[in-house]
Amino acid sequence: MHKRKWIILSIFLVEVLLALCSNLLLLRTFDSADDLTYRVEIGRVRNALRSGVIPEITGFTTIKEISVYDPRSVINEDYTVAPGKDGTLYRIVYSGKKEVNPFLMVVNTSWALVFLLTLGILIYVKQKILNPFQHISELPLELAKGNLSIPVKEEKDRYFGRFLWGMDMLREKLEEEKTKRLAMEQEKKTLILTMSHDIKTPLSAINLYNKALASGLYETDEKKEEAYRGIQRNAELLEQYIEEIQKTAREDFLDFQVKQEEWYLSEVITQLEVLYKEKAAERRIDFSVDPHDDCLIRGDRERSQEVLQNLMENALKYGDGRWIRIRFAEEEDCRLVTVENTGCTLSERELPNIFDSFYRGSNARKEKGSGLGLFISRKLMQAMEGDIYAEVTEDRFRITAVFRKG
């Protein structure tokens, strides 16, 4: 800033010096011309007086008066004394300088215009070039600090307007990339927590089968074989989750991927009934599945089973342990599967939040959990072009998954 001021002052100083030099030079030139004129005219008057003739002053430009010299009179102008033919002394009053030369006025007016033009150019350069670059000089530092929210103002009449517009577009692009990266990191963490949450279900089933086999609960070979198959099925599910966690650790882009395929509803409901019938019996909970017509469902079969397992886990965890019921309904081209349980203490005002990640309702204070089960379920149902919603009626809690028919 100080350097810029010194440059501006230097420009004006040079112009002032040039103006002074030109004025001095012109004045000296005019003085020389004036000095030659009045000297020549005084010489002409003297020659005329020597010849006995008093000339008329109208024929001169610098001679103002020719009169007999009286030493007692006081004259405040320039004059000289010359003798006449008869020896009489004459006073010759003259003007040694002319009036202000018009050419000098033109030159000074031109210099004034030069000063004004220089001032205008400097103001223009400051407003249209230097000020924009002043903003630009701060922008790289702000970008380096990660401050991407300060926009660069761009005007159409600005000399570097397109350049500034490009800088602002770069800032917006960096801000967008930063937002995506933060969202991606959050999604990555969410997915890892989701996988950790999902692993609990097959682990719980394996432990249940293992305890039942160890205690001799299954008396027939058929029951034991069914338990072994259940352990194998849940172990394979655990392997899938582990593969997804490993894949998540390697990839930057994360999403709830689903397969769009067709499958029969009975395939999922039967497995769900087998898995939770024994679990409910162990806790002495009345568990029932309403009769239903089989139909083709469009979506991911494994993900759909995961959703319904999450709904059943919620019912087991947050119900009062009296009964759990799976109901069915039709709505246009959709099949609705509702998991209903008694003992709900959740208020209706909490319903809009229960599908948010990490949200835990007022009825979940005594239970361990991450608040991800219903969030995962909603994400998966939306990915399969379905929906999920919840209702509270008296002490009953209903949560419904809406599946698209195939």
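All of the points below concern the structure found in this document.

About the cut-offs
- Within each chain, residues carry numbers counting from 1 in the order of the written sequence.
- Since the coordinates come from a predicted model, pLDDT governs what is reported: local features require at least 70, and pairs of side-chain atoms require 80 or more to be given and counted, while whole-chain, interface and lining totals use all residues.
- Only hydrogens and water are set aside when side-chain values are computed; all heavy atoms of the structure are taken into account.
- Strands are runs of DSSP state E lasting at least two residues, helices are runs of H or I lasting at least four, and both sets are numbered from the N terminus onward.
- Remark: exposure states derive from per-residue accessible area (1.4 Å probe, protein chains only) relative to the maximum for the residue type, with buried under 20%, exposed over 50%, and partly exposed in between.
- Residue contacts are defined here by distance: any two heavy atoms, one from each residue, within 4.5 Å place the two residues in contact.
- Shrake-Rupley sampling with a 1.4 Å probe provides the accessible areas, and residues are treated as covered by the protein chains on show and by no other component.
- Note on method: axes are straight lines fitted to C-alpha atoms, helices fitted across the in-contact stretch only, with angles between N-to-C directions ranging 0 to 180 degrees.
- Any angle from 65 to 115 degrees is called roughly perpendicular, while one under 35 is roughly parallel, one over 145 is roughly antiparallel, and all others are oblique.
- Two helices crossing with the near one rotated counterclockwise from the far one by less than a right angle form a left-handed crossing, whereas a clockwise rotation gives a right-handed crossing.
- The residue classification treats Ala, Val, Leu, Ile, Met, Phe, Trp, Tyr, Cys and Pro as nonpolar and Asp, Glu, Lys and Arg as charged. All others, Gly included, are polar.
- Paired strands, in this sense, are two strands between which DSSP finds at least two bridges.
- Pairs were defined over the aromatic rings of Phe, Tyr and Trp, the Trp ring being its six-membered one, requiring ring centres within 6.5 Å. Orientation was assigned from the angle between planes: stacked under 30 degrees, edge-to-face over 60, tilted for the rest.
- Put simply, a charge is over a ring when the Lys NZ or the Arg CZ is close to the ring centre, within 6 Å, and near the line of the ring normal, within 35 degrees.
- What a helix should span is 1.5 Å times the count of its residues minus one.
- One axis fitted to the seven residues ending at a residue, another fitted to the seven starting there: the angle between these axes is the bend at that residue.
- Here, a salt bridge means any Lys or Arg side-chain nitrogen found within 4 Å of an Asp or Glu carboxyl oxygen.
- Nonpolar cores were defined as sets of buried Ala, Val, Leu, Ile, Met, Phe, Trp, Tyr and Cys residues, with membership established by side-chain atoms within 4.5 Å.
- Only residues whose relative accessible area exceeds 30% and that take part in no salt bridge are eligible for patches, with like-charged residues grouped when within 9 Å of each other and nonpolar side chains (Val, Leu, Ile, Met, Phe, Trp, Tyr) grouped when within 5 Å.
- Polar contacts here mean pairs of N or O atoms no more than 3.5 Å apart (in protein, one a potential hydrogen donor and the other a potential acceptor; neighbouring residues in sequence count only if both atoms are side-chain atoms).

1. Looking at the overall build of the chain
- Scanning the chain from terminus to terminus reveals seven helices and ten strands.
- Across the 406 residues of the chain, 35% fall into the buried class.
- Counting only contacts in the chain whose residues sit at least 6 apart along the sequence, the fraction spanning at least 24 positions is 67%.
- Counting only carbon and sulfur atoms, one obtains 55% of the accessible surface of the chain, whose full area is about 25600 Å².

2. Side note on the packing of helix α5 (residues 265-282) against helix α6 (residues 301-318)
- Relative orientation of the contacting elements α5 and α6 amounts to 30 degrees, with a least axis distance of 10 Å. Between α5 and α6, the angle is such that the two are roughly parallel. Remark: the crossing between α5 and α6 carries right-handed chirality. Across the interface between the two elements, E267, V268, I269, Q271, L272, L275, Y276 and K279 of α5 pack against R301, Q305, L308, Q309, M312, E313 and L316 of α6.
- Class assignment of the residues belonging to the contact of α5 with α6 gives a composition of eight nonpolar, three polar and four charged.

3. Some remarks on the sheet that holds strand β3 (residues 89-94)
- The three strands lie next to each other as β1-β3-β2, forming an open sheet whose pairing is antiparallel. Of all strands in the sheet, those bounded by a partner on one side alone are β1 (63-68) and β2 (79-83). Averaged over all pairs of adjacent strands, the angle between their axes in this sheet comes to 25 degrees, without regard to strand direction.
- Pairing geometry for β1 and β3, over five bridges, is antiparallel. By the bridge assignment, I63 is partnered in β3 with Y94.

4. Concerning the packing of aromatic side chains
- Counting across every chain of the model gives one aromatic pair.
- Ring centres 6.3 Å apart and planes at 80 degrees place the aromatic pair W263 and F403 in the edge-to-face group. Here the residue W263 occupies a position in strand β4 (residues 261-264), and F403 occupies one in strand β10 (residues 396-405), the gap between them amounting to 140 residues.
- Residue classification places W263 among the buried residues on the basis of a relative accessible area of 3%.
- For F403, a relative accessible area of 3% corresponds to the buried category.
- Residue placement shows R91 over the ring face of Y79; its charged tip is 5.0 Å from the ring centre.

5. Observations regarding α5
- Compared with an ideal rise of 1.5 Å per residue, which puts 18 residues at 26 Å, α5 spans 26 Å between its outermost C-alpha atoms and is within 8% of the ideal.
- By the largest-angle criterion, Y276 marks the main kink of α5, which is about 25 degrees.
- Residues of α5 that are buried include every one of L265, V268, I269, L272, L275, Y276, K279 and A280, and no others.
- One or two positions beyond α5, positive phi appears at R284, with a value near 60 degrees.

6. Things to note about the pattern of salt bridges
- This structure, assessed with the given rule, holds 15 salt bridges.
- Taking the shortest distance from any N to any O, the salt bridge between D395 and R322 comes out at 2.6 Å. Taken together, the residues D395 in the loop between β9 (387-393) and β10 and R322 in the loop between α6 and β7 (323-331) connect sequence positions 73 residues apart.
- Judged by its relative accessible area of 28%, D395 falls in the partly exposed class.
- In this structure, the salt-bridge partner of E330 is K405, at a minimum N-O distance of 2.4 Å. With a gap of 75 residues between them, E330 in strand β7 and K405 in strand β10 connect regions that are remote in the sequence.

7. Structural notes on the nonpolar core
- By size, the foremost hydrophobic cluster in this structure holds 47 residues, and its most contacted members are L308, F397 and I399.
- Contributions of two or more residues to this core are made by α3 (161-214), α5, α6, β7, β8 (334-342), α7 (373-383), β9 and β10.
- No other element matches the seven residues that α5 contributes to this core.
- Leaving out residues up to four positions away in the same chain, L308 has contacts with V268, I269, L272, V337, A401 and F403.
- Y38, V45, I92 and Y94 belong to the second-largest nonpolar core, a separate cluster that totals eleven residues.

8. Focus: a nonpolar patch on the surface
- Together, L13, V16, L17 and L20 line one region of the surface with nonpolar side chains, adding up to about 350 Å² of accessible area.
- Relative to the helices and strands, L17 resides in helix α1 (residues 2-50).

9. Things to note about α7
- Those residues of α7 not exposed but buried are G373, L374, F375, I376, S377, L380 and M381.
- Downstream of α7 by a residue or two, E385 has a phi angle that is positive, lying close to 65 degrees.

10. Some words on the environment of Q260
- Relative to the helices and strands, Q260 is located in the loop between α4 (221-250) and β4.
- Here Q260 falls in the partly exposed class, since its relative accessible area comes to 42%.
- A C-alpha to C-alpha distance of 9.6 Å links Q260 and E385, two positions 125 residues apart in sequence.
- In terms of polar contacts, Q260 uses its side chain to reach the backbone carbonyl oxygen of A383, at 3.3 Å.

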